[in-house]
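# Coordinate inspection notes
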Amino acid sequence: MLDPHRWDPDVVTRPTPREAARDLALRVLAPAVLWGAVVVGLGLLLGGPLSGIADAEDGVNRWFVDQRTAALDSLTAFASHVGNTGAIIAVCLVVVAAVWWRTRRWWYAVVPGVALGAQVMVFLASSSLVGRSRPDVPKLDHAPPTSSFPSGHSGASTALYVTLALMAQRIERTWLRVSLTVVLLLVPLFVMTSRLYRGMHHPTDVLVGCANGVLCALLGWYWLRPTRERAPQEPQETQTVEGRR
């Protein structure tokens, strides 16, 4: 269950370099490797025993082609740009720098970077091993050298903006917290829809990319073990009773 108070000042204190490296390896890299193996397995299944799903997916891609208009072409071009590598890295760096400056807690500020790094690792490994071709429809973007599976735009935007939505839960004003959370969660949906509309991915590419982003956002959110500065003490009356037994 998600804990919006995960990074409150009295929950996770300043880690030592050794603690940070240990938790990064055990709580992010190791699970990401296991998850990457699952993603590769799904990709191989879609290219083999489950290849019949492609027929239904082709219908979805053709439907999006039929909906194309000049206005939607421009709108989805912007959405696709929001999810590309340069834009994602730029937003991540700005957020990390701003949070670090505001809180003076680098271990909290780097959470978006940890989530995004895990997503990139899984994406690069799975896309290089699966090698799925892109949908057989007219494409509105130049196809990058990576394979269609999973969607890198979907994974990166989900990992980053879900993480930012989690960080937004620390905002005290309810209307601002809720509004910002909704906007942040809509961004990856906007990106994923644009990738389908522009003929760049099959639906399963986008869905697995989204799942990759969500999981990596959670890995980033919980990358350090809770280290409370002091354990909560028992009530005085309870301690007195215990001492009389």
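Residues numbered from 1 in each chain as written. Predicted model: local features only at pLDDT ≥ 70, side-chain atom pairs only at ≥ 80, totals over all residues. Heavy atoms only, no water.

## Regarding the overall build of the protein chain
Helices and strands together make up the secondary structure of the protein chain, namely 10 helices and zero strands. Moving toward the C terminus, one meets the helices and strands of the protein chain in the order α-α-α-α-α-α-α-α-α-α. Projecting the C-alpha coordinates of the protein chain onto the three principal axes gives extents of approximately 80 × 40 × 30 Å. By residue count, 43% of the 245 residues in the protein chain fall in the buried class. The long-range fraction of contacts in the protein chain, counting pairs at least 24 apart against all pairs at least 6 apart in sequence, stands at 82%. Summing over all exposed atoms, the protein chain offers an accessible surface of approximately 13,300 Å²; the carbon and sulfur share of this is 66%. With 23 positive and 18 negative side-chain charges, the protein chain shows a separation of 7 Å between the mean positions of the two kinds. (Helix = DSSP H or I, 4+ residues; strand = E, 2+ residues; numbered from the N terminus. Buried < 20%, exposed > 50% of the residue type's maximum accessible area, 1.4 Å probe, protein only. Contact = heavy atoms within 4.5 Å. Areas by Shrake-Rupley, 256 points an atom, 1.4 Å probe, with all protein chains shown as cover. Lys, Arg positive; Asp, Glu negative; His and termini not counted. Charge placed at Lys NZ, Arg CZ, Asp CG, Glu CD.)

## Section: the environment of Val182
If you trace the backbone, Val182 turns up in helix H8 (residues 174-197). For Val182 and His201, which are 19 residues apart along the polypeptide, the C-alpha to C-alpha distance reads 25 Å.

## Digging into the packing of aromatic side chains
On inspection of all chains with the given rule, the structure shows five aromatic pairs. Measuring from centroid to centroid gives 5.8 Å for Trp7 and Tyr108, while their planes differ by 40°, and the two rings are tilted. With Trp7 in the segment before helix H1 (17-47) and Tyr108 in helix H5 (residues 106-109), the pair connects residues that are 101 residues apart, well separated along the chain. Each member of the pair Trp7 and Tyr108 is classed as buried. Ring centres of Trp63 and Phe64 lie 5.1 Å apart, and the angle between their planes is 85°; this geometry places the pair in the edge-to-face category. A connected cluster of aromatic rings, assembled from ring pairs, spans Trp7, Tyr108 and Trp221. In this structure, Arg6 packs its charged tip against the face of Trp7, placed 4.8 Å from the ring centre. Seen from the ring of Tyr197, Arg68 lies directly overhead, with NZ or CZ sitting 5.9 Å from the centre. (Phe/Tyr/Trp six-rings, centres within 6.5 Å; stacked < 30°, edge-to-face > 60°. Lys NZ or Arg CZ within 6 Å of the ring centre and 35° of its normal.)

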